[in-house]
Amino acid sequence: MAGNSKRKGAMRNPGSKKGAVVGSGGQKSKGLQGRGPTPKAIERPNHPAYRRATSAAKAANTEKARARRKNEGQAETVAGRNPVVECLRAGIPATALYVALGIDSDDRVAESVSLAADRGISVLEVTRGELDRITGGALHQGLGLQVPPFNYAHPDDLLEFTRQTREQPLLVALDGVTDPRNLGAVVRSAAAFGAQGVLLPQRRSASITAVAWRSSAGTAAKVPIAMATNLTRTLRDWADEGLMVVGLDADGDVDVDGLELATGPLVVVVGSEGRGLSRLVRETCDQTVSIPMAAGVESLNASVAAGVVLAEVARRRRVAAKG
């Protein structure tokens with residue numbers, strides 16, 4: 001019958017009836033409340049930005065640790081009668097003088113023992129085999145001198161030191177000088193001509209070893225020496241503080257006679273023995289300066305060139321002070 005026909009789906013089967021819906025109990029408004037601002041991407045552990053930031057922080061910490069280890073350096077043992085007595089004459093800091101048992105003494109041995117005793121350095125007698133081990137098998141001739149690692153300043157300390165002196169800042173930076181003798185000679189010139197500090201790059205550079213100490217004639221103990229993780233960045237930071245950056249270059253913008261920047265706040269950058277200034281450092285310089293020389297003469301040694309320019313800077317400053 002038509003009256004008994006039922007539309008499909010018009011009624012539900014009682015057996016399939018859902019249970020009663022539980023009300024919110026007045027908590028609906030609380031459920032709609034926000035949870036505060038969404039954290040930044042770098043603050044969410046599962047976000048790629050967080051992982052990138054974490055990796056960058058770890059890399060930075062690793063680089064700092066490497067710089068710290070580089071700055072701390074390692075103890076060095078100078079071997080041989082002439083090197084040992086020269087180090088002691090130059091006043092190089094030392095912690096122990098090793099003397100092999102039964103060696104034939106001469107004036108150098110006697111002087112070394114006397115200088116060490118006068119400075120309170122421990123004088124230790126050891127067997128030849130032990131001294132071989134201490135010096136790494138070097139030709140020691142019965143003498144070895146233990147030199148502690150050099151304590152470098154921070155680049156910011158050099159800038160602060162220039163302010164404390166109340167003199168016109170004059171700093172020297174070395175760009176890739178790898179010969180410790182050249183390094184020592186530059187430090188000596190820096191001390192002689194009134195520079196307040198010397199800056200070394202952490203990589204591709206000589207460091208203050210016993211050889212550099214001897215070449216500096218002890219002035220490495222008088223002039224603050226710092227080590228920069230990134231030389232170019234440090235030079236730019238100093239430029240932002242008002243210092244002019246001048247690089248020594250055979251094809252300089254001016255020769256040393258025309259170095260008008262000499263009387264102002266100045267950083268003199270000395271390039272490496274072979275390639276001179278690196279590209280990034282040269283681009284950072286406000287001016288490059290050359291040294292006029294007679295025809296047919298090769299370029300000067302890095303330390304000699306540094307001495308010539310620093311002497312001219314000192315001369316100009318003396319003239320300016322008198323005027």
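Report on the accompanying structure. (Residues numbered from 1 in each chain as written. Predicted model: local features only at pLDDT ≥ 70, side-chain atom pairs only at ≥ 80, totals over all residues. Heavy atoms only, no water.)

### Brief notes about the overall build of the protein
At step 1: Looking only at helices and strands, one finds eleven helices and eleven strands in the protein.
At step 2: Per-residue burial over the protein gives 38% buried out of 323 residues.
At step 3: The contacts of the protein with a sequence gap of at least 6 include a subset with a gap of at least 24, amounting to 82%.
At step 4: Per element, the accessible surface of the protein, about 19000 Å² overall, is 49% carbon and sulfur. (Helix = DSSP H or I, 4+ residues; strand = E, 2+ residues; numbered from the N terminus. Buried < 20%, exposed > 50% of the residue type's maximum accessible area, 1.4 Å probe, protein only. Contact = heavy atoms within 4.5 Å. Areas by Shrake-Rupley, 256 points an atom, 1.4 Å probe, with all protein chains shown as cover.)

### Thoughts on a nonpolar patch on the surface
At step 1: A surface patch of nonpolar side chains, about 370 Å² in accessible area, is lined by Met293, Val297, Leu300, Val304 and Val308.
At step 2: You can see valine 297 is positioned in the loop between strand S11 (287–290) and helix H11 (302–322).
At step 3: On the accessibility criterion, valine 297 (48% relative accessible area) is partly exposed. (Patch = residues over 30% accessible without salt bridge, like charges linked within 9 Å, V, L, I, M, F, W, Y side chains within 5 Å. Salt bridge = Lys/Arg side-chain N within 4 Å of Asp/Glu carboxyl O.)

### Topic: the sheet that holds strand S10 (residues 266–271)
At step 1: Within the open sheet, the seven strands sit side by side as S7-S6-S5-S10-S8-S11-S9. Their pairing is parallel. The open sheet has two free edges, formed respectively by strand S7 (225–228) and strand S9 (254–255), since each of these has just one partner strand.
At step 2: Pairing between strand S8 (residues 244–248) and S11: three bridges, direction parallel. Counted as the bridge partner of valine 246 is glutamine 287 from S11.
At step 3: Across the face of the sheet, helix H7 (residues 180–192) comes into contact with strand S5 (170–175), strand S6 (197–201) and S7 while running at roughly 170 degrees to S5. (Pairing = 2+ DSSP bridges. Axes fitted to C-alpha atoms, helices over the stretch in contact; angles between N-to-C directions.)

### With respect to the sheet that holds strand S3 (residues 122–126)
At step 1: One open sheet holds the four strands; their spatial order is S1-S4-S2-S3, and the pairing between them is mixed. On the outer flanks of this sheet lie strand S1 (76–79) and S3, each paired with one strand and no other. Here the average twist between neighbouring strands, direction ignored, is 25 degrees.
At step 2: Of the pairings in the sheet, the one linking S1 to strand S4 (residues 143–147) comprises four bridges and is antiparallel in character. By the bridge assignment, valine 78 is partnered in S4 with leucine 145.
At step 3: Sitting on the sheet, helix H3 (residues 81–89) touches S1, strand S2 (96–100) and S4, and the angle it makes with S4 is about 40 degrees.
At step 4: Those strands touched by helix H4 (residues 107–118) are S2, S3 and S4, and its axis lies near 150 degrees from that of S2.

### Points about a negative patch on the surface
At step 1: The grouping of Asp156, Asp157, Asp237 and Asp240 at the surface amounts to a negative patch.
At step 2: The residue aspartate 156 is located in helix H6 (residues 155–165) in this model. (Lys, Arg positive; Asp, Glu negative; His and termini not counted. Charge placed at Lys NZ, Arg CZ, Asp CG, Glu CD.)

### Points about H4
At step 1: Taking 1.5 Å as the rise per residue, H4 with twelve residues should run 16 Å; its terminal C-alpha atoms sit 16 Å apart, in good agreement.
At step 2: Within H4, the full set of buried residues consists of Val109, Ser112 and Ala116. With its buried residues spanning 65 degrees around the axis, H4 presents them on a single face. Every exposed residue of H4 that faces more than 90 degrees away from the buried side is listed here: Asp107 and Asp118.
At step 3: Those residues of H4 hidden inside the fold are in contact with H3, S2, S3 and S4.
At step 4: Downstream of H4 by one or two residues, glycine 120 has phi in the positive range, about 75 degrees. (Expected span 1.5 Å × (residues − 1). Arc of directions from axis to C-beta.)

### Some points on the pattern of salt bridges
At step 1: As enumerated under the stated definition, the model contains 13 salt bridges in all.
At step 2: Arginine 108 serves as the salt-bridge partner of aspartate 106, at 2.8 Å between the closest nitrogen and oxygen.
At step 3: Residue class for aspartate 106 comes out partly exposed when judged on its relative accessible area of 24%.
At step 4: Residue arginine 163 pairs with glutamate 241 through a salt bridge whose shortest N-O separation is 3.1 Å. Placement of arginine 163 in helix H6 and of glutamate 241 in the loop between helix H9 (231–240) and S8 is noted, with a sequence separation of 78 residues between them.
At step 5: Under the relative-accessibility criterion, glutamate 241 is labelled partly exposed at 47%.
At step 6: Linked through salt bridges whose partners overlap, the residues forming this network are Glu260, Glu312, Arg315 and Arg316.

### Topic: the environment of leucine 199
At step 1: Tracing the backbone through its elements, the reader meets leucine 199 in strand S6.
At step 2: Between the C-alpha atoms of leucine 199 and leucine 231, which are 32 residues apart in sequence, the distance is 8.3 Å.
At step 3: If sequence neighbours within four positions are ignored, leucine 199 has contacts with Pro155, Leu158, Val172, Ala173, Leu174, Ala226, Met227, Ala228, Leu231, Thr234 and Trp238.

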